[in-house]
Amino acid sequence: MKKNKLRIGDYLLVLGPHFFEKAEVVSVDNGVFTLNNKIKVTQNLVVLNNSKMEVKPFDEDEYNYLLAKNKIPRVLEKIESQYKNLPKEDMVNLFSKLNRVLSKYFGS
């Protein structure tokens, strides 16, 4: 972390090939910091026990972006699989709201 020393209780963003999570520093021993997910890092956030993972200072905006990117396909899949079962009025309301989303974000 820049200028700040890593301490117990700090949060970090752990990124992997198909994975991300918010992790907390839970212990330190001889300059090795252990996260609550058992990953061990140095003060400079070099991962010691899992070369596939990257650890960065926690950034709420980046975390929220990754979460949205991960969850949007599931939300769309759920809408696609269940919209036909809605009552007429709810289907019309959903269609209206989805059209507003399309217009706002995609211009269609």
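Residue positions are given per chain, counted from 1 along the sequence in the order it is written. Given that this is a predicted model, residues contribute local features only at a pLDDT of at least 70 and side-chain atom pairs are listed and counted only at 80 or more, while totals for whole chains, interfaces and linings are drawn from all residues. The side-chain quantities take in all heavy atoms of the structure and omit both hydrogens and water.

> Sorry, what's going on with the side chain of Asp10 here?
Strands are runs of DSSP state E lasting at least two residues, helices are runs of H or I lasting at least four, and both sets are numbered from the N terminus onward. Residue placement: Asp10 occurs in the segment before strand E1 (11-16). Assessed through its relative accessible area of 15%, Asp10 is described here as buried. Remark: exposure states derive from per-residue accessible area (1.4 Å probe, protein chains only) relative to the maximum for the residue type, with buried under 20%, exposed over 50%, and partly exposed in between.

> I keep staring at the pattern of salt bridges and nothing clicks. Help me out?
Pairs may arise between side chains of opposite charge once their charged atoms sit close together. A carboxyl oxygen of Asp or Glu within 4 Å of a side-chain nitrogen of Lys or Arg is what we treat as a salt bridge. As enumerated under the stated definition, the model contains two salt bridges in all. For Asp10, the salt bridge is made with Arg7, and the minimal N-O distance between the two is 4.0 Å. Since its relative accessible area comes to 54%, Arg7 is described here as exposed. For Glu62, the salt bridge identified is with Lys56, shortest N-O distance 3.0 Å. By relative accessible area, which is 24% here, Lys56 ends up partly exposed.

> Help me out: how do you make sense of the environment of Lys5 in this one?
Along the chain, Lys5 falls in the segment before E1. Judged by its relative accessible area of 65%, Lys5 falls in the exposed class. Along the primary structure Lys5 and Met53 are separated by 48 residues, whereas in three dimensions their C-alpha atoms are 21 Å apart. We call two residues in contact when some of their heavy atoms are within 4.5 Å. In contact with Lys5, not counting residues within four places along its chain, are Asp10 and Gln43.

> It is not clear to me how a nonpolar patch on the surface should be interpreted in this structure. Could you clarify?
Together, Val101, Leu102, Tyr105 and Phe106 make up an exposed nonpolar region whose accessible area comes to about 430 Å². Structurally, the position occupied by Val101 is in helix H2 (residues 88-106). Taking relative accessible area as the criterion, Val101 reaches 40% and is therefore assigned partly exposed. To count toward a patch, a residue needs a relative accessible area over 30% and no salt bridge; like charges are then connected within 9 Å, while nonpolar side chains (Val, Leu, Ile, Met, Phe, Trp, Tyr) are connected within 5 Å. The Shrake-Rupley method, run with a 1.4 Å probe, gives the accessible areas here. Residue values count only the displayed protein chains as cover.

> Just checking my understanding: could you explain the packing of aromatic side chains for this structure?
Aromatic rings considered in pairs are described by the distance between their centres and by the relative angle of their planes. Pairs were defined over the aromatic rings of Phe, Tyr and Trp, the Trp ring being its six-membered one, requiring ring centres within 6.5 Å. Orientation was assigned from the angle between planes: stacked under 30 degrees, edge-to-face over 60, tilted for the rest. Inspection of every chain in the model, using the stated rule, returns two aromatic pairs. Between the aromatic rings of Phe20 and Tyr63, the centroid separation amounts to 5.8 Å while the plane-to-plane angle is 70 degrees, which identifies the pairing as edge-to-face. Taken together, the residues Phe20 in strand E2 (residues 19-29) and Tyr63 in helix H1 (residues 60-82) connect sequence positions 43 residues apart. With 5.6 Å between their ring centres and 50 degrees between their planes, Phe58 and Tyr63 make a pair best called tilted. Feature note: the residues Phe20, Phe58 and Tyr63 constitute an aromatic cluster, connected by ring pairs. Lying over the aromatic face of Tyr11, Lys22 brings its terminal NZ or CZ to 4.5 Å of the ring centre. The ring of Phe58 carries Lys22 above its face, with NZ or CZ at 4.7 Å from the centroid. Remark: a charge is flagged as sitting over a ring if the NZ atom of Lys or the CZ atom of Arg is within 6 Å of the ring centre and within 35 degrees of the ring normal.

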